[in-house]
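Analysis of the macromolecular model
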Amino acid sequence: MENTVIIAASVAVAALLMWPRLARAKLWRATVTPLASIIGSGFLVLGPILAESYGAWTPLAMALLCALSYAIGMAVRFNITAIDRHGHDLRSARLETVASWLLSLAYVISVAYYLNLLGAFAVSLTPWDTELAARWVTTAVFLVILGVGWIKGFAALEHLEQISVGLKLAIIAGLLVGLAWFFSGQTQSGVLVISAPTLTGWPALSLLFGLLVTVQGFETSRYLGDDYDAATRVHSMKLAQWISTAIYMVYVVLVAYVFLPDQIETSETAIIDMMELVTPILPLMLVIAALAAQFSAAVADTSGAGGLVEELTRQRVPVKIGYAVLVLLGLLITWALDVFQIISWASKAFAAYYTVQGMIAVVLAQREGKSRSLVTAFAAVSLMAASVTLFGSAVE
């Protein structure tokens, strides 16, 4: 019965997302890109990490992480509107160049993050479930992406993102229904788990900093200017952050109080073993979602990084060379770091980018004569992002 309900929920959400009136709605199309980025990879790893580290305080940790990302989003949204009205001045233009270089670096690390998760999930339900096998799968996919980008470009794969977004959201809906069913049963049996956190104080805060990349992705709205006006991009970012926050908060509440500490592992695929305790169908669904979502996200960021490097070097570095450099660096990261270290470094890279976006917001707010309190708020956002860059730590 439970499996039937889970499948029915996934099918219903998939049907809703394919409903022409929604699929063709301008605001929804603009929202899908940042929403897919925010709840992509993070959804696969956040639950076990937070539950193991913060115990009964998991919802608070998740709320703080979402609040931090929303505060950063506020600065980015202001930049969208201000630049649309009056363009850049000299100071903000120079900062924008720095931000773009930092974003290209963040893309390099995020692609490694996506594909290392893909490798781990690809082997998770096979007899070859080892770290070495996962890294070889990741290496092979890196080479496939390089080959496609070098020979044909990524235009042929652009439709994959739309398919993977719908698939991912549909499976997440099924997962939440399955967890809600399990949570309800545990509640009725009086066996909800209230676990003590394993981290407190500064270690708990620095770990939270190191998880920023799991709620990153909202900034993609800023780069949709060829397709949507500034007001639509601002609204789409807000909507994506509201929806993702609601999904994440429901998810962590359902995860935090139903698993005993010894049922939560610290591994990139821990969610697989945890969901197997809920119902056997969920692990397979999660693997399918992971493979589709991570590959499409890696393709999107590879394309974005190559394009940024070509633009920033004024075509002196062709986009194909950019792809090759990204793949080389991604392979070095894959074989030098584990997934949790990559997550931490990706968080630092995006936080550095957000630091500069906060600085741009300060400059633009001063130029437009905004209140001192708003300028101070943007400066605080930049300082918080800088703190993440300096002090974010990886899962041990």
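Note that this is a predicted model, so its numbers are computed, not measured.

**What about the nonpolar core?**
Leu 50, Met 62, Leu 179, Tyr 248, Tyr 251, Phe 259 and Met 275 are the most contacted members of the largest nonpolar core, which has 123 residues in total. The element contributing the most residues to this core is helix α14 (residues 339-367), with 17 residues. Setting aside residues no more than four positions away along its own chain, Tyr 251 makes contact with Phe 43, Gly 47, Pro 48, Leu 175, Leu 176, Leu 179 and Ile 271.

**Focus: a negative patch on the surface**
A cluster of acidic side chains, namely Asp 129, Glu 265, Asp 273 and Glu 276, defines a negative patch on the protein surface. Secondary-structure assignment places Asp 273 in helix α11 (residues 270-278). On the accessibility criterion, Asp 273 (36% relative accessible area) is partly exposed.

**Let's talk about the packing of helix α5 (residues 58-86) against α14**
Two elements in contact, α5 and α14, have axes separated by 9 Å at closest approach and are oriented at 50°. By the angle between their axes, α5 is oblique relative to α14. Considering the relative orientation of α5 and α14, their crossing is left-handed. Residues Ile 72, Ala 75, Val 76, Phe 78, Asn 79, Ala 82, Ile 83 and His 86 of α5 touch α14, and the partners they reach there are Tyr 354, Gln 357, Gly 358, Ile 360, Ala 361, Leu 364, Ala 365 and Arg 367. Taken together, the residues of the contact of α5 with α14 break down into eleven nonpolar, four polar and one charged.

**Re the side chain of Ser 124**
Position of Ser 124 among the secondary structure elements: in the loop between α6 (90-123) and α7 (131-151). Residue classification places Ser 124 among the buried residues on the basis of a relative accessible area of 12%. One polar contact links the side chain of Ser 124 to the main-chain carbonyl oxygen of Phe 121, over a distance of 2.8 Å. Ser 124 has contacts with Asp 129, Thr 269, Ile 272 and Val 287, leaving out every residue within four places of it along the chain.

**Some details on the packing of aromatic side chains**
Scanning all chains against the criterion turns up nine aromatic pairs. A ring pair is formed by Phe 218 and Tyr 354, whose centres lie 5.3 Å apart and whose planes are at 15°; its orientation type is stacked. Taken together, the residues Phe 218 in the loop between α9 (201-210) and α10 (230-256) and Tyr 354 in helix α14 connect sequence positions 136 residues apart. You can call Phe 218 buried: its relative accessible area is 0%. We note Lys 348 situated over the ring of Trp 345; from NZ or CZ to the ring centre the distance is 5.9 Å.

**Re the environment of Leu 117**
Summarising the element assignment, Leu 117 is placed in helix α6. Taking the relative accessible area as the measure of exposure, Leu 117 reaches 0% and is therefore buried. Between the C-alpha atoms of Leu 117 and Leu 167, which are 50 residues apart in sequence, the distance is 17 Å. Look past the residues within four positions of Leu 117 in its chain and what remains in contact with it is Ser 41, Val 45, Glu 268, Gln 294 and Val 339.

**Some points on the confidence of the model for the protein**
Taken as a whole, the protein shows an average pLDDT of 86; of its residues, 97% reach a score of 70 or greater. The secondary structure element of the protein with the lowest average pLDDT is helix α12 (residues 281-312), at 79, and the one with the highest is helix α15 (residues 372-391), at 94.

Conventions we followed
- Residues numbered from 1 in each chain as written.
- Predicted model: local features only at pLDDT ≥ 70, side-chain atom pairs only at ≥ 80, totals over all residues.
- Heavy atoms only, no water.
- Core = buried A, V, L, I, M, F, W, Y, C linked by side-chain atoms within 4.5 Å.
- Buried < 20%, exposed > 50% of the residue type's maximum accessible area, 1.4 Å probe, protein only.
- Helix = DSSP H or I, 4+ residues; strand = E, 2+ residues; numbered from the N terminus.
- Contact = heavy atoms within 4.5 Å.
- Patch = residues over 30% accessible without salt bridge, like charges linked within 9 Å, V, L, I, M, F, W, Y side chains within 5 Å.
- Areas by Shrake-Rupley, 256 points an atom, 1.4 Å probe, with all protein chains shown as cover.
- Salt bridge = Lys/Arg side-chain N within 4 Å of Asp/Glu carboxyl O.
- Lys, Arg positive; Asp, Glu negative; His and termini not counted.
- Charge placed at Lys NZ, Arg CZ, Asp CG, Glu CD.
- Axes fitted to C-alpha atoms, helices over the stretch in contact; angles between N-to-C directions.
- Parallel < 35°, antiparallel > 145°, perpendicular 65-115°, else oblique.
- Left-handed = near helix turned anticlockwise from the far one by under 90°.
- Nonpolar A, V, L, I, M, F, W, Y, C, P; charged D, E, K, R; others polar.
- Polar contact = N/O pair within 3.5 Å; in protein donor to acceptor, adjacent residues only side chain to side chain.
- Phe/Tyr/Trp six-rings, centres within 6.5 Å; stacked < 30°, edge-to-face > 60°.
- Lys NZ or Arg CZ within 6 Å of the ring centre and 35° of its normal.
- pLDDT = per-residue confidence, 0-100.

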